[in-house]
Amino acid sequence: SVAARPAAAVLEVSVSDKWNIVSVPVTVSNFNKTFLYPTSVSSAFAFVGSYFERTTLTNGSAYWLKFSGAQAISMQGFVRKQSTIDVTEGWNLIGSLSSTVDAGTITSNPSGIQTSQLYGYSTSGYFITDTLEPGKGYWVKVNSSGQLTLSSFVIGNLLFGKIRIVPTDEFPPPPPE
C-alpha cells in the first residue's frame, strides 16, 4: 500500500502594519525568514526566556516580525494537521496549523499542564483568544516544561491529556524593540 501523501496548499497570512506574531502554518522546503516573509522590515524574534533573532523559522514556533503596512503573504507547502511543540515553564510563543484550532482541544505531555489563556496580538495590543488561526502566533504561559499538541482533528471525546487553562491577569512580554 502507498502511504497517504500530505496535501499541498497555498495559505494566505494576513499581517498588520508594524509588529505581528506570525508562524509557519505549512511544511515548506525553505524555512529561511526572508523566503517566507520577504516583505518583513525586521529580524524574526523568537522567545525563550528572552528574545533571540532567528534567520531560520520552524513549524510550531512563533515569531515577532515587523511590516511596513498591512498585507497578505502567500505561503506554499504541505498541510499541517498536527504539531507537537516543546514548551518551557513561563511564557512561550507557539505557532499554528494549516487550519483553525480550538484551544480547548490542545493536549499536553505530561498530561494536564496548567496554562494561561492564549494571547494573540493585533495593532490594538494583546487579546485573549480561544481560536488559533493559520499563520498567526500566540503567547501561552505554562506551569511546567513539556509539550503541547495542537491538532485540527479531534478523535472522539478526547479529554485525556488536555491542558488546564487557568485565567491570569498577567500579560505576555511586550514586542521586541
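Residues numbered from 1 in each chain as written. Predicted model: local features only at pLDDT ≥ 70, side-chain atom pairs only at ≥ 80, totals over all residues. Heavy atoms only, no water.

**Things to note about the overall build of the chain**
If you tally the helices and strands in the chain, you get one helix and 18 strands. Scaling as 2.2 N^0.38, a compact globule of 177 residues should have a C-alpha radius of gyration of about 16 Å, and the chain matches this with 16 Å. C-alpha extents for the chain along the principal axes are approximately 50 × 45 × 25 Å. Buried positions account for 44% of the 177 residues belonging to the chain. If you take every contact in the chain between residues at least 6 apart in sequence, the share linking residues at least 24 apart comes to 78%. Across the chain, the 11 positively charged side chains and the 11 negatively charged ones have centroids separated by 7 Å. (Helix = DSSP H or I, 4+ residues; strand = E, 2+ residues; numbered from the N terminus. Rg over C-alpha atoms; globule rule 2.2 N^0.38 Å. Buried < 20%, exposed > 50% of the residue type's maximum accessible area, 1.4 Å probe, protein only. Contact = heavy atoms within 4.5 Å. Lys, Arg positive; Asp, Glu negative; His and termini not counted. Charge placed at Lys NZ, Arg CZ, Asp CG, Glu CD.)

**Regarding the nonpolar core**
In terms of nonpolar packing, the biggest core is built from 17 residues, with Leu 36, Tyr 37, Leu 57 and Met 75 touching the most fellow members. Elements with a contribution of two residues or more to this core: strand E1 (8-15), strand E4 (44-47), strand E6 (62-67) and strand E7 (71-79). Apart from the residues lying within four places of it in its own chain, the contact partners of Tyr 37 are Val 13, Val 22, Ser 23, Leu 57, Leu 65, Phe 67, Ile 73, Met 75 and Gly 135. Judged by nonpolar contacts, the second largest core, of 16 residues, contains Leu 97, Ala 103, Tyr 138 and Val 140. (Core = buried A, V, L, I, M, F, W, Y, C linked by side-chain atoms within 4.5 Å.)

**Considering the sheet that holds E1**
Here we have three strands laid out as an open sheet, ordered E1-E7-E3, and antiparallel in their pairing. The open sheet has two edge strands with one neighbour each: E1 and strand E3 (26-27). (Pairing = 2+ DSSP bridges.)

**Digging into the sheet that holds strand E11 (residues 107-109)**
In a beta sheet, neighbouring strands are held together by backbone hydrogen bonds and run either parallel or antiparallel to one another. Across the sheet, which stays open at both edges, the three strands sit in the order E8-E17-E11 with antiparallel pairing between neighbours. Both edges of this open sheet fall to strand E8 (82-87) and E11, since each of them pairs with a single strand only. Averaged over all pairs of adjacent strands, the angle between strand axes in this sheet comes to 25°, irrespective of strand direction. Pairing analysis gives three bridges linking E11 to strand E17 (residues 146-151), with the strands arranged antiparallel. Of the residues in E17, the one forming a bridge with Asn 109 is Gln 147. (Axes fitted to C-alpha atoms, helices over the stretch in contact; angles between N-to-C directions.)

**Remarks on unusual backbone geometry**
At the junction of Asn 109 and Pro 110, the peptide bond is cis and its omega measures out at 5° in the coordinates. Checked against the element boundaries, Pro 110 lands in the loop between E11 and strand E12 (114-115). Its identity is not glycine, yet Lys 18 carries a phi of approximately 70°, on the positive side. One can find Lys 18 in strand E2 (residues 18-23).

**Things to note about the pairing of strand E16 (residues 138-142)**
When you tally the buried positions in E16, you get four out of five residues, the bulk of the element. Taken together, the five bridges between strand E9 (residues 90-94) and E16 define a ladder with antiparallel strand orientation. When the sheet's bridge partners are listed, Trp 91 is paired in E16 with Lys 141.

**Considering the packing of aromatic side chains**
What the rule picks out here adds up to twelve aromatic pairs. With centroids separated by 6.5 Å and ring planes inclined at 80°, the aromatic side chains of Phe 45 and Tyr 51 adopt a geometry described as edge-to-face. With a relative accessible area of 23%, Tyr 51 lands in the partly exposed category. Measuring from ring centre to ring centre gives 6.2 Å for Trp 91 and Trp 139, while their planes differ by 90°; the resulting arrangement is edge-to-face. Placement of the pair is Trp 91 in strand E9 and Trp 139 in strand E16, with a sequence separation of 48 residues. Accessibility expressed as a relative area gives 10% for Trp 91, which makes it buried. An aromatic cluster of at least three residues, connected via ring pairs, comprises Trp 19, Phe 45, Phe 47, Tyr 51, Trp 64, Trp 91, Tyr 119, Tyr 121, Tyr 126, Trp 139 and Phe 171. (Phe/Tyr/Trp six-rings, centres within 6.5 Å; stacked < 30°, edge-to-face > 60°.)

These figures come from the coordinates and say nothing about function on their own.
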